[in-house]
Amino acid sequence: MSMLARARAELVALTPYPSARRSGLLAPIRLDANESPWDDDAGGMLNRYPDPQPPLLRERLAALYGVTAPQLWLGRGSDEAIDLLLRAFCRAGCDNVVGLAPSFGMYRIGATVQGVEFRAHALAAADGFALDAGALLAQVDAATKLVFLCSPNNPSGTLYHAQIADLARALAGRAVLVVDEAYIEFADVPSAAALVAAHANLAVLRTLSKAHGLAGARVGALIAQADIVDLVARIAPPYPLPTPSVAAALAALEPPALARTRERCALLVRERERVREALAGGDGIERVWPSAGNFLLLRCADAAAGFARLLAAGILVRDFSSQPGLDACLRVSIGTREHNDALLAALARGRR
Ligand SMILES: *Cc1c(COP(=O)(O)O)cnc(C)c1O
């Protein structure tokens with residue numbers, strides 16, 4: 001069953017904005033888009049609107065993620081895909097979405113901006129942030145359109161990959177399961193992108209922001225069956241991808257750059273485990289959770305003191321201690337070996 005039956009009917013029926021580049025027509029003299037005729041950066045084409053979905057980038061990313069080009073929509077980071085999915089499926093004041101807590105904050109913010117109730121499914125730190133799928137499904141009702149599952153979860157680092165197929169099946173025809181895999185490159189499990197062909201209600205978010213080192217370029221992908229991809233493409237602003245970002249993304253997908261990315265991911269994973277072992281059981285550190293991302297969540301005896309000590313040493317980390325269920329917790333990104341040594345030294349100094 002197509003999930004478009006659960007999308008906003010007025011958007012399914014909407015005729016998209018007929019942008020100049022969308023027609024696919026090209027000619028040597030282009031007087032169709034009110035652009036400037038002068039290409040001042042000599043071939044860089046910044047005077048021209050970009051292709052809404054550059055075919056080469058779409059092809060390269062589809063190959064990288066093991067899906068087909070029609071199953072992929074590219075936008076300004078996964079943040080834009082989160083926003084567009086909320087807008088495509090959820091009617092303000094009627095519908096709701098379900099998501100984990102703690103998890104990435106943009107699901108709740110996007111829902112609130114759209115006027116949609118966000119139902120938090122609380123995970124317990126004491127249980128290692130394990131997901132009770134039955135309890136989560138009990139929060140889903142007839143007005144639930146999307147269920148957000150971040151895996152590896154930010155900020156807990158927890159993987160939920162083994163529960164994705166069952167959850168998608170349980171939600172079939174009712175809600176889209178949106179699996180945010182911003183950190184999947186740091187985990188040693190396969191991406192849920194491989195499940196999209198079998199599940200009409202599964203959407204997977206991938207990004208070049210983390211493992212590929214392109215947070216500043218703002219390039220992310222929504223992977224889903226073509227009906228969902230087409231709906232999102234139809235309601236998206238006409239030119240989501242700036243030309244310099246497309247060039248940066250294509251460069252990052254050349255084989256040598258991909259090889260470097262794989263090496264760096266492996267290095268960050270080794271560093272993550274080194275830092276985790278060095279921190280675990282240390283004075284002033286009550287717990288370090290296992291992580292499948294490029295970050296660690298730790299509970300300190302005194303998070304404010306730990307945060308301040310790190311800041312005094314010139315190291316900024318994220319203080320989550322005011323969030324429900326994350327008392328005294330800090331999240332530390334894994335940096336270079338030197339960055340991580342500085343972190344460990346600053347924390348050890350405080351323990352003496
Ligand atoms: C960083 C992050 C994102 C944002 O990705 P962009 O592609 O940069 O928008 C999405 N989801 C999670 C869980 C993140 O931590």
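The preceding data block contains the structure.
In this report, we go over the structure that sits alongside the text.

Definitions and limits used
- Residues numbered from 1 in each chain as written.
- Predicted model: local features only at pLDDT ≥ 70, side-chain atom pairs only at ≥ 80, totals over all residues.
- Heavy atoms only, no water.
- Helix = DSSP H or I, 4+ residues; strand = E, 2+ residues; numbered from the N terminus.
- Rg over C-alpha atoms; globule rule 2.2 N^0.38 Å.
- Buried < 20%, exposed > 50% of the residue type's maximum accessible area, 1.4 Å probe, protein only.
- Contact = heavy atoms within 4.5 Å.
- Pairing = 2+ DSSP bridges.
- Axes fitted to C-alpha atoms, helices over the stretch in contact; angles between N-to-C directions.
- Arc of directions from axis to C-beta.
- Phe/Tyr/Trp six-rings, centres within 6.5 Å; stacked < 30°, edge-to-face > 60°.
- Near = heavy atom within 4 Å.
- Polar contact = N/O pair within 3.5 Å; in protein donor to acceptor, adjacent residues only side chain to side chain.
- Areas by Shrake-Rupley, 256 points an atom, 1.4 Å probe, with all protein chains shown as cover.
- 1 Å grid on protein atoms, 1.4 Å probe; cavity = no way out; pocket = protein on both sides within 12 Å on 5 of 7 lines; lining within 4 Å.
- Sits in = over half its atoms within 2 Å of the grid points.
- Nonpolar A, V, L, I, M, F, W, Y, C, P; charged D, E, K, R; others polar.

A word on the overall build of the protein chain
Tallying secondary structure elements over the protein chain gives 11 helices and 11 strands in all. Relative to the globule expectation of 20 Å for 352 residues, the C-alpha radius of gyration of the protein chain, 22 Å, shows essentially globular dimensions. For the C-alpha atoms alone, the extent of the protein chain along its principal axes is close to 70 × 55 × 30 Å. Burial statistics for the protein chain: of 352 residues in total, 50% are counted as buried. Considering only contacts within the protein chain whose residues lie at least 6 apart along the sequence, 67% involve residues at least 24 apart.

Details of the sheet that holds strand E11 (residues 329-333)
With respect to topology, 4 strands assemble into an open sheet ordered E8-E9-E11-E10, the strand pairing being antiparallel. One side of each edge strand has no neighbouring strand; the edge strands of this open sheet are strand E8 (285-288) and strand E10 (318-319). Alignment of E8 against strand E9 (residues 295-300), held across 3 bridges, turns out to be antiparallel. Residue pairing across strands places Val288 opposite Leu298, the latter belonging to E9. Helix H9 (residues 255-279) rests against E8 and E9 of the sheet, and its axis sits at about 10° to E9. Against the sheet, helix H10 (residues 303-312) touches E9, E10 and E11, its axis set at about 30° to E11.

Overview of the environment of Ile315
For Ile315, the position within the fold is in the loop between H10 and E10. Taking C-alpha positions, Ile315 is 8.7 Å from Ala346, a pair spaced 31 residues apart along the chain. If near-sequence neighbours (up to four positions away) are discounted, Ile315 is found in contact with Leu310, Ala342, Leu343 and Ala346.

Looking at the side chain of Thr261
Mapped onto the elements of the fold, Thr261 is located in helix H9. Apart from the residues within four sequence positions on either side, Thr261 is in contact with Ala211 and His212.

Here we look at helix H4 (residues 106-113)
Buried residues of H4: Tyr107, Gly110 and Ala111, and no others. All buried residues of H4 fall inside an arc of 100° around its axis, so they share one side. With respect to the buried face of H4, the exposed residues turned more than 90 degrees away are Thr112 and Val113. Packed against the buried residues of H4 are helix H3 (77-89), strand E2 (96-101), strand E3 (117-122), strand E4 (144-150) and strand E5 (176-180).

Comments concerning helix H2 (residues 55-65)
In an α-helix, one turn spans 3.6 residues; hence positions three or four apart end up facing the same way. Taken residue by residue, H2 has Leu57, Arg58, Leu61, Ala62 and Tyr65 as its buried positions. Relative to the axis of H2, the buried residues are bounded by an arc of 130° and lie together on one face. Exposed positions of H2 whose direction lies more than 90 degrees from the buried face are Glu59 and Ala63. Next to the buried residues of H2 lie strand E1 (72-75), strand E6 (202-207), strand E7 (220-223), helix H7 (226-235) and helix H8 (243-252). Phi for Gly66, located one or two positions after H2, is positive at around 70°.

Things to note about unusual backbone geometry
In the segment running from Ala101 into Pro102, the intervening peptide bond is cis, with an omega of 5°. At the junction of Ser151 and Pro152, the peptide bond is cis and its omega measures out at -5° in the coordinates. Within the fold, Pro152 resides in the loop between E4 and helix H6 (164-171). Phi at Phe129 takes a positive value of approximately 60°, unusual for a residue other than glycine. Its identity is not glycine, yet Arg218 carries a phi of approximately 60°, on the positive side.

Quick look at the packing of aromatic side chains
Applying the stated criterion across every chain, the model contains 5 aromatic pairs. With a centroid separation of 4.2 Å and 15° between ring planes, the pair formed by Tyr49 and Tyr239 is classed as stacked. Taken as a pair, Tyr49 in the loop between helix H1 (9-12) and H2 and Tyr239 in the loop between H7 and H8 lie far apart in primary sequence, 190 residues in all. Accessibility expressed as a relative area gives 41% for Tyr49, which makes it partly exposed. For Tyr239, a relative accessible area of 18% gives the class buried.

Considering the site of the ligand
Contacts to the ligand come from 13 residues, most closely from Asp180, Tyr183, Thr207, Ser209 and Lys210. Contacts to the ligand include Asp79, whose backbone N or O atom sits 3.0 Å from an oxygen atom. Separating a nitrogen atom of the ligand from a side-chain N or O atom of Asp180 is a distance of 2.6 Å. Taking 390 Å² as the accessible area of the ligand by itself, protein coverage stands at 94%. A majority-of-atoms criterion places the ligand in the largest pocket. Take the shell around the ligand: its biggest share by element is 3 residues, from H3. Taken together, the residues of the shell around the ligand sort by class into 4 nonpolar, 5 polar and 4 charged.

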